[in-house]
Each structure stands twice: as C-alpha cells, then as structure tokens.
Amino acid sequence: MSIVSKEEVLPSEPSLIVDNLTKNYADNIVLDQLSLTVNPGEIHGILGRNGIGKTTLIECVVGLRPFNQGTIKVGGLDILSNRDEIMRQVGIQPQEANLFPRLSIEETMQLFSSFYGDPLAYSEIMNVLDLERIKNKRVKSLSTGQKQRLLVALSLIGDPSFIILDEPTTGIDPQVKQLIWKVLQKEKTDHNAILLSTHNMEEAEKICDRVSILHNKKIVASGTPKEIIMNNRKIMNDTLEDVFLHLTGSSLRGEID
Ligand SMILES: Nc1ncnc2c1ncn2[C@@H]1O[C@H](COP(=O)(O)OP(=O)(O)OP(=O)(O)O)[C@@H](O)[C@H]1O
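For clarity, every value in this text was computed on a predicted model and none was experimentally measured.

Core analysis: the largest hydrophobic core is formed by 44 residues, its most contacted members being M109, L129 and L150. If one sorts the elements of this core by residue count, helix 5 (residues 144-156) sits on top with six residues. Residues contacting L150, with those up to four places away along its chain left out, are L99, I105, T108, M109, L131, V139 and L142. By size, the runner-up hydrophobic cluster in this structure holds 26 residues, among which are V18, I46, F67 and I72.

Rendered as structure tokens:
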C-alpha cells in the first residue's frame, strides 16, 4: 500500500504462476490442469459459478490446501517449499470466521498487525477505508459493509505485494463498493498484484485488467474483459455477463451445488 512510501523497485517476476494445477477432493476432481499468471500491477478476476472451485484455487495458492499435480509460484518462489516467506509478501482477506466478535475494529487491527514483523500503520489503513470513526465498534455489531471494509483493511496490514480477495464487495452498497474499488486501484498503481474472486460482472468489467472464467474444472476463457466479450459474444451487444452465461450455462439445472 502506498500510504507509506516505499523505494520504487519494480518487480520483474510474475506475482503468481499457477502451472498445470490439478486438485481433487477424494475422487472429485475440482481443478484439472489449470494454468494462470498474475503480473505486478494487475487486478486479475476469477469468475465462476458457486461451487466451481474459486476458493479451492485460492487456498492452494496460499498453501492452505495440498494439491495433486502442478506447480504454484508466488513472486518466483515455490509454495510447497517457501510458504512462510511467501506469506510475508501476500495479503489474504481473512474469512469472517477468523474474526473475534467481541474485539473492536481497532483491537482487531492491532491483533492482525502483531502477526507481521513490519506492519503498516494501521490507523492510516483505517482512515483510507473509513473505519477510523467507528474504530471502537465491536466486530459482532458491524454491518456487512463495515465488516467487508475491515476484511479488506486486514489484508493490507502486512504491506503485501500480492493481495488475494475472495468476493470483497458481496452484499454491500454502491458507496462502499466504490471505496473498496478505489483502494484496490491504488494498490495496482503501486505495482501490487491482486487476485480477486468475484460474482460481480460490473466489478470484473470495471476494475479487472484481466479475467479468468472457471468452469467444469478448467479456465474456459481468459483475457481482458473486452477480449473475452469479443471472442465469445453471440450478438453485438453482449455484455460480460451474457458471455459468462454462454460459457458456463444459463440454467439452474447446470448448477454445481
Ligand atoms: N474440504 C472439502 N472437502 C471436500 N470437498 C470440498 C471441500 N471444499 C470444497 N469442496 C468441494 O469442492 C468444490 C469447489 O468448492 P469451492 O468452495 O472451492 O467453490 P467456490 O467456487 O469457491 O464456491 P462459492 O462461489 O460458492 O464460494 C465444491 O464442489 C465443494 O463442495
């Protein structure tokens, strides 16, 4: 995050390389020979229907899930042999279940700061995400938008060069959504990379530089939102959502869960 100015060193390695990844849960193959690259200064969206494997992919990327085949490199380091070092560079949005309901926003920020050797000044992150004025509010009494802002704030505490967010704008109003987008775009201009799982097509079109659509265990389309639309549209005016429906099935019958 650019709140604290860093020496301007532009990274040359891709922030993430997933190569030929296969992941099974028992005999259920969820990801099959999947490859994906995310570069510094890029917001990369992962789109897919419920239960298709987006969270599984994220969990493999940060070493929380073993996988069956393939390699995953973060900042040039293999996740299997460098997890601790990688986790110092990665900011992952915590699950809501990992928060303590009785702690205030400020206490939660303090707690998560203590996990890092050289965290950012959390009061500045709270300011940017408009949390400072409600810093004494307990987690258990936060609205959805306040909680989402806190989860994004927590992902930034360690001054990560690679940020991973799982549906950060689900269920929030347009004002909060715009604020979170602004923060993410600022991260991007600081040459940080963002992997963003989302169901929000507007989000994918507006803030993602590239998007990968996950379906039937594979990435079925990848590129800029414009490229994906151009390469997969059926009629001239098709939007990303229309193309997503063409590629992943438009009926509930095909739903995964
Ligand atoms: N621990 C687990 N054990 C067995 N199967 C699992 C496990 N976790 C996930 N799955 C299965 O793997 C598939 C992918 O789940 P995953 O949570 O990765 O999907 P998702 O795309 O993140 O879904 P959503 O959009 O609903 O959050 C689903 O069929 C799910 O039931």
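Glancing now at the site of the ligand. Lining the immediate surroundings of the ligand are 13 residues, of which G51, G53, K54, T55 and T56 lie closest. The separation between a nitrogen atom of the ligand and a polar side-chain atom of Y25 is 3.4 Å. Across the complex, the protein chains shield 61% of the 630 Å² of accessible surface that the ligand would expose by itself.

Across the sheet, which stays open at both edges, the six strands sit in the order 6-7-8-3-9-10 with mixed pairing between neighbours. Strands with a single pairing partner mark the edges of an open sheet, and in this sheet they are strand 6 (90-92) and strand 10 (218-223). Pairs of neighbouring strands in the sheet enclose a mean axial angle of 15°, with direction left out of account. In terms of strand pairing, strand 3 (residues 43-48) meets strand 9 (residues 210-215) through five bridges, oriented parallel. For G45, the partnering residue across the bridge sits in strand 9 and is V211.

Summarizing the sequence annotation, UniProt attributes the feature "domain: ABC transporter" (unreviewed entry) to residues 16-241 in the numbering used throughout. Across residues 16-241, helical content stands at 34% and strand content at 27%; the span's end C-alpha atoms are separated by 26 Å.

This paragraph deals with helix 5. End to end, helix 5 covers 19 Å across 13 residues, agreeing with the expected 18 Å (1.5 Å per residue, within 8%). For helix 5, a buried count of 12 out of 13 residues is recorded, marking the element as mostly surrounded by other parts of the structure. Among the residues of helix 5, those classed as buried are G145, Q146, K147, Q148, R149, L150, L151, V152, A153, L154, S155 and L156. The elements touched by buried residues of helix 5 are strand 6, helix 3 (105-113), helix 4 (122-128), strand 7 (162-166) and helix 6 (174-189).

Attention now moves to the sheet that holds strand 4 (residues 69-74). Taken in spatial order, the four strands line up as 2-1-4-5 in an open sheet, and their pairing is antiparallel. Each end of this open sheet is capped by a strand with a single partner; those strands are strand 2 (28-38) and strand 5 (77-78). Together, strand 1 (16-25), strand 2 and strand 4 form the strand contacts of helix 1 (residues 54-61), whose direction differs from that of strand 1 by roughly 120°.

Okay, the pattern of salt bridges next. In total, this model carries 11 salt bridges according to the counting rule given. D32 is the salt-bridge partner of K218, the closest N and O atoms lying 3.4 Å from each other. Pair noted here: K218 is in strand 10 and D32 is in strand 2, with a separation of 186 residues, a long-range link. Overall, the relative accessible area of 33% leaves K218 in the partly exposed class. We classify D32 as partly exposed; its relative accessible area is 21%. In this structure, K186 engages D190 in a salt bridge whose closest nitrogen and oxygen atoms are separated by 3.5 Å. Through salt bridges with shared partners, a single network forms among D130, R133 and R149.

Another aspect to go through is the side chain of E59. Secondary-structure assignment places E59 in helix 1. Not counting chain neighbours up to four residues away, the residues in contact with E59 comprise Y25, L64 and R65.

Cut-off values and rules
Residues numbered from 1 in each chain as written. Predicted model: local features only at pLDDT ≥ 70, side-chain atom pairs only at ≥ 80, totals over all residues. Heavy atoms only, no water. Core = buried A, V, L, I, M, F, W, Y, C linked by side-chain atoms within 4.5 Å. Buried < 20%, exposed > 50% of the residue type's maximum accessible area, 1.4 Å probe, protein only. Helix = DSSP H or I, 4+ residues; strand = E, 2+ residues; numbered from the N terminus. Contact = heavy atoms within 4.5 Å. Near = heavy atom within 4 Å. Polar contact = N/O pair within 3.5 Å; in protein donor to acceptor, adjacent residues only side chain to side chain. Areas by Shrake-Rupley, 256 points an atom, 1.4 Å probe, with all protein chains shown as cover. Pairing = 2+ DSSP bridges. Axes fitted to C-alpha atoms, helices over the stretch in contact; angles between N-to-C directions. UniProt positions renumbered as here; feature names shortened; annotations may be inferred. Expected span 1.5 Å × (residues − 1). Salt bridge = Lys/Arg side-chain N within 4 Å of Asp/Glu carboxyl O.

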